[in-house]
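A closer look at the structure
Below are the chains, spelled out letter by letter.
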Amino acid sequence: MTTREPLVLGIETSCDETGIGIVRGRRLLSNRIASSMDEHARYGGVVPEVAARAHLEALVPTIDAAVAEAGVELDELDAVAVTIGPGLAGALMVGVGAAKALAVGLGKPLYAVNHLVGHVGADLLTPDSGRIEYPTVALLVSGGHTSLLLVRDLVDDVELLGETIDDAAGEAFDKVARVLGLPYPGGPEIDRAAATGDPAAIRFPRGLTAPKDLDRHRYDFSFSGLKTAVARWVEKREADGDPVPVADVAASFREAVVDVLVSKALAACRDTGVPRLLLGGGVVANRRLRDVAAQRAAEAGVDLRIPPLDLCTDNGAMIAVLAAERIRAGHAPSSQLAAADSTLPVTLIQVP
Amino acid sequence: MILAIDSSIGTSVALCDPSGRLASARSEAGHLTHAEVVGALIGGVLEDAGVGPAEVSAVASGMGPGPFTGLRIGIAAARAFGVARRVPVVPVLSHDAIAAARLESPIAGELVVVTDARRREVAWTRYSGVDPSGPVRIGGPELAPRDVFEVLDAERLDAMDVPAEFVARLAALTLAGRRAGEADEPVYLRAPDVTLSSRKRVTP
Ligand SMILES: Nc1ncnc2c1ncn2[C@@H]1O[C@H](COP(=O)(O)OP(=O)(O)OP(=O)(O)O)[C@@H](O)[C@H]1O
Ligand SMILES: [Mg+2]
């Protein structure tokens, strides 16, 4: 017997990307993203009110584009899915208001799901990837998050192993780029600057890796100390009247971030006896992170999965596929009264 | 049927027939609950009127002025419902709807509609009266400091809610070609708050 796979439209507005994606079960039909990144560039970071205003403007054109690309009619949808948290409150609420009205207008159920778990779900949409196996460790690194998860089952069993206690990894890239006089977003800029640098030139600190920290923060991250160390180092050079070797600083900083991320993720795999690691989030665009993760995962006998980049950054398709999985597993829709939650815990996969 | 949605103060939703006659209305006064209640209010007015979503032929959207975060949610909902049904979305100035309700009964002179704009400011719009195209706007919408703002030569109406029924009625006039349309943009009246980040020194 073949059951029809649910056709779901997902809306993602938790940060600066307006993402609309459509899936049929695990098949990706469209994934459209409008970003307000350029509008934030001159401020050196995401400005919440600017992001929220941009979502409202991008919403309908992005829905239209996703529907056209998928070649479906909105009336054919089985459900509307939306990111209900975590994220920027004002930005989330634009998507939530729209999703609710879309669901009522179509007479279809609403699934209000967790953004971070959506990042894990993105892997299901990876073409020709074979089936994801559970349990898996997942490392999500973006401008707003750095989280290490143990996913026993995508639809109903996700555990938070650790997360950043201060800045997110992407945020650290953005802040260090500013220290080096590079524009926003800092990730790609640092990557470029680092290309000709020596990653071993300067030994920057690896946050929360000292034995005393490992007791309490084995799987937690900290990047604000690293950012301060880079700033100090640069300021000292300037004070001494020496030129700042931007390429070496960028490469050494990047190496410190990548080292901590990969070390802690693989430690989690080892400790939990789970030989699988999944990466997600915008920082996965970092070539060095992908390379080091691939090399060290192979050495450790860990199977590494990295979804394509347009599914790693914020997008609506991952929200749609997470809802589709919840539907297939028989979970009821969310209430029309579900409230956006900017600090939604990762253990709450769908808000009832 | 015309579905009207306004979240410029609380959240109010109404359903009117194309001539502007009210079929059903629901509202929720909370200033922080727009995203929670908007979908249920829309579902509620449809149910009260015994009307299916496919019978909605246009959506009227209150465009403010109003506090950003809440205002946007009603507009997002209006636009999304419009996409769902592939029907036009008609922008209406929320102050116009407040004025239209008041001007149902005659007043002596001019009317100034005033709403809270937070940060010790008010938003105001001035009307000379009403004609067959609806309330006639002659000033505003603009912001003014709350403490010193005074209306001397007109009736002042401090509104605590927006009657969505009148948002629908003004949209009906626009759809009938009897009232000029508004710009399809939220009336924020304020630029977004941004603090330009500068490079901070960490060594003293
Ligand atoms: N090549 C790269 N190397 C390192 N970091 C990168 C690279 N490319 C992008 N980034 C970083 O990724 C972040 C953007 O990722 P993403 O869009 O997933 O997150 P976000 O929208 O800022 O936040 P969130 O997803 O947490 O809500 C930025 O901080 C950016 O600097
Ligand atoms: Mg993200």
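Given the structure is predicted, the values throughout are model-derived calculations rather than measurements. (Residues numbered from 1 in each chain as written. Chains lettered and ligands numbered in written order. Predicted model: local features only at pLDDT ≥ 70, side-chain atom pairs only at ≥ 80, totals over all residues. Heavy atoms only, no water.)

**Description of the sheet that holds strand β1 (residues 2-6) of chain B**
Each strand in a sheet pairs with its neighbour through backbone hydrogen bonds, running either in the same direction (parallel) or in the opposite one (antiparallel). Residues and elements named next belong to chain B. If you trace the five strands from one edge of the open sheet to the other, you get β3-β2-β1-β4-β5, paired in mixed fashion. The outermost strands of the open sheet, each flanked by one partner alone, are β3 (22-28) and β5 (89-92). Each neighbouring strand pair of the sheet contributes to a mean axis angle of 15°, computed without reference to strand direction. As judged from the four bridges shared by β1 and strand β4 (residues 58-62), these two strands associate in the parallel manner. Pairing of Ala4 across the sheet is with Ala60, part of β4. (Pairing = 2+ DSSP bridges. Helix = DSSP H or I, 4+ residues; strand = E, 2+ residues; numbered from the N terminus. Axes fitted to C-alpha atoms, helices over the stretch in contact; angles between N-to-C directions.)

**Some words on the coordination of the magnesium ion (ligand 2)**
Around a metal, the idealised angle for a tetrahedral arrangement of four donor atoms is 109.5 degrees; for an octahedral arrangement of six donor atoms it is 90 or 180 degrees. Residue and element names in this part refer to chain A. Distances from the magnesium ion (ligand 2) to its protein donors, His115 (NE2), His119 (NE2) and Asp314 (OD), fall within 1.9 to 2.6 Å. When the donor residues of the magnesium ion (ligand 2) are listed from N- to C-terminus, their spacing reads H-x3-H-x194-D. Taken together, the positions of His119 in helix α4 (residues 115-121) and Asp314 in the loop between α11 (309-312) and α12 (316-328) put the pair 195 residues apart, joining distant regions of the chain. We classify His119 as buried; its relative accessible area is 3%. (Donors = N, O, S within 2.8 Å, 3.2 Å for Na, K, Ca; no water. Buried < 20%, exposed > 50% of the residue type's maximum accessible area, 1.4 Å probe, protein only.)

**A few points about the packing of helix α5 (residues 169-179) of chain A against helix α9 (residues 246-272) of chain A**
Residue and element names in this part refer to chain A. Contact pair α5 / α9: the axes reach a minimum separation of 11 Å and the direction vectors enclose 175°. Classed by the angle they form, the pair α5 and α9 counts as roughly antiparallel. Each of Ala169, Ala172, Phe173 and Val176 in α5 lies in contact with α9, whose residues at this interface are Phe253, Arg254, Val257 and Leu261. Of the residues assigned to the contact of α5 with α9, the class counts are seven nonpolar, no polar and one charged. (Parallel < 35°, antiparallel > 145°, perpendicular 65-115°, else oblique. Contact = heavy atoms within 4.5 Å. Nonpolar A, V, L, I, M, F, W, Y, C, P; charged D, E, K, R; others polar.)

**A few points about the environment of A:Gly280**
Mapped onto the secondary structure, A:Gly280 falls in strand β9 (residues 276-280). Aside from chain neighbours lying at most four places away, what touches A:Gly280 is A:Leu139, A:Leu140, A:Val141 and A:Cys312.

**Topic: the interface of chain A and chain B**
Contacts between the two partners involve 41 residues from chain A and, on the opposite side, 39 residues from chain B. Across the chain A to chain B interface the summed buried area is about 3300 Å²; carbon plus sulfur atoms make up 63%. The largest per-residue losses of area from chain A upon contact with chain B belong to A:Arg53, A:Leu56 and A:Glu235, which jointly make up 20% of the total buried on that side. Taken together, chain A and chain B are joined by four salt bridges. The closest approach of N and O atoms between B:Arg86 and A:Asp64, which form a salt bridge, is 2.9 Å. Across the chain A-chain B interface, the total number found is seven residue pairs in polar contact (both at pLDDT 80 or more). Looking at the side of chain A that touches chain B, the elements with two or more residues in it are α2 (48-70), α3 (89-106), α5 and α8 (224-239) of chain A. Take the side of chain A that touches chain B: its biggest share by element is twelve residues, from α3(A). (Buried area = accessible area lost by both parts, 1.4 Å probe. Salt bridge = Lys/Arg side-chain N within 4 Å of Asp/Glu carboxyl O. Polar contact = N/O pair within 3.5 Å; in protein donor to acceptor, adjacent residues only side chain to side chain.)

**Thoughts on the site of ligand 1**
Residue and element names in this part refer to chain A. Within the structure, ligand 1 sits among 23 residues, and Ser142, His145, Asp174, Gly282 and Asn286 are positioned closest to it. The contact in question runs from an oxygen atom of ligand 1 to an N or O atom on the side chain of Glu17, over 3.3 Å. Residue Gly144 places a main-chain N or O atom 2.9 Å away from an oxygen atom belonging to ligand 1. In isolation ligand 1 has 640 Å² of accessible area, and contact with the protein removes 92% of it. Elements that contribute at least two residues to the shell around ligand 1 include exactly α5 and α6 (186-194). (Near = heavy atom within 4 Å. Areas by Shrake-Rupley, 256 points an atom, 1.4 Å probe, with all protein chains shown as cover.)

**Some points on the nonpolar core**
One finds A:Leu9, A:Ile22, B:Leu3, B:Ile5, B:Ile42 and B:Phe81 to be the most contacted residues of the largest nonpolar core, which totals 91 residues. Among the elements that take part in this core, helix α2 (residues 68-85) of chain B stands out by supplying eleven residues, more than any other. In this view, B:Phe81 contacts A:Ala101, A:Val104, A:Gly105, B:Leu3, B:Ile42, B:Leu46, B:Pro53, B:Val56 and B:Val59; residues no more than four positions away in its chain are not counted. (Core = buried A, V, L, I, M, F, W, Y, C linked by side-chain atoms within 4.5 Å.)

**Re the pairing of β3(B)**
Residue and element names in this part refer to chain B. As judged from the six bridges shared by strand β2 (residues 11-16) and β3, these two strands associate in the antiparallel manner. Opposite Thr11, over in β3, you have Glu28 as the bridge partner. Here β2 folds back onto β3 in antiparallel fashion, the turn holding five residues, of which Gly20 has a positive phi close to 95°.

**What about the pattern of salt bridges?**
By the definition in use, this model includes 42 salt bridges over all chains. For A:Arg192, the salt bridge is made with A:Glu189, and the minimal N-O distance between the two is 3.5 Å. Residue A:Arg192 and its partner A:Glu189 are located together in helix α6, separated by three residues, close to a single helical turn. In this structure, B:Asp116 engages B:Arg146 in a salt bridge whose closest nitrogen and oxygen atoms are separated by 2.7 Å. Of this pair, B:Asp116 sits in strand β6 (residues 110-116) while B:Arg146 is found in the loop between β8 (134-145) and β9 (154-158), placing the two residues 30 residues apart along the sequence. Through salt bridges with shared partners, one network takes in A:Glu5, A:Arg26, A:Glu325 and A:Arg328.

**Here we look at the layout of surface pockets**
All names here are of chain B. By volume, the second largest pocket amounts to about 350 Å³. In this structure, the second largest pocket is lined by 21 residues; those nearest its centre are Ile9, His31, Pro67, Asp116 and Arg118. Sorting the residues of the lining of the second largest pocket by element identifies α2, β6 and β9 as the ones contributing at least two each. Split by residue class, the lining of the second largest pocket holds ten nonpolar, seven polar and four charged. (1 Å grid on protein atoms, 1.4 Å probe; cavity = no way out; pocket = protein on both sides within 12 Å on 5 of 7 lines; lining within 4 Å. Points joined across faces, edges and corners; volume = space filled by probe spheres on them.)

**A few points about the domain arrangement of chain A**
Residue and element names in this part refer to chain A. The domains assigned to chain A are domain 1 (7-126 + 311-329) and domain 2 (136-306). Measuring from the centre of the C-alpha atoms in domain 1 to the corresponding centre in domain 2 gives 27 Å. Domain 1 puts 22 residues into the contact, and the matching count from domain 2 is 21 residues. Summed over both sides, the interface between domain 1 and domain 2 buries roughly 1700 Å², with carbon and sulfur atoms accounting for 73% of that surface. At the boundary of domain 1 and domain 2, one finds one salt bridge. Between domain 1 and domain 2 we count four residue pairs in polar contact (both at pLDDT 80 or more) in total. Those elements that place two or more of their residues in the side of domain 1 that touches domain 2 are α1 (37-41), α4 and α12. Per element, the largest residue contribution to the side of domain 1 that touches domain 2 is six residues, and it comes from α4. Tallied by class, residues from the side of domain 1 that touches domain 2 come to eleven nonpolar, seven polar and four charged. (Domains from an automatic or database assignment.)

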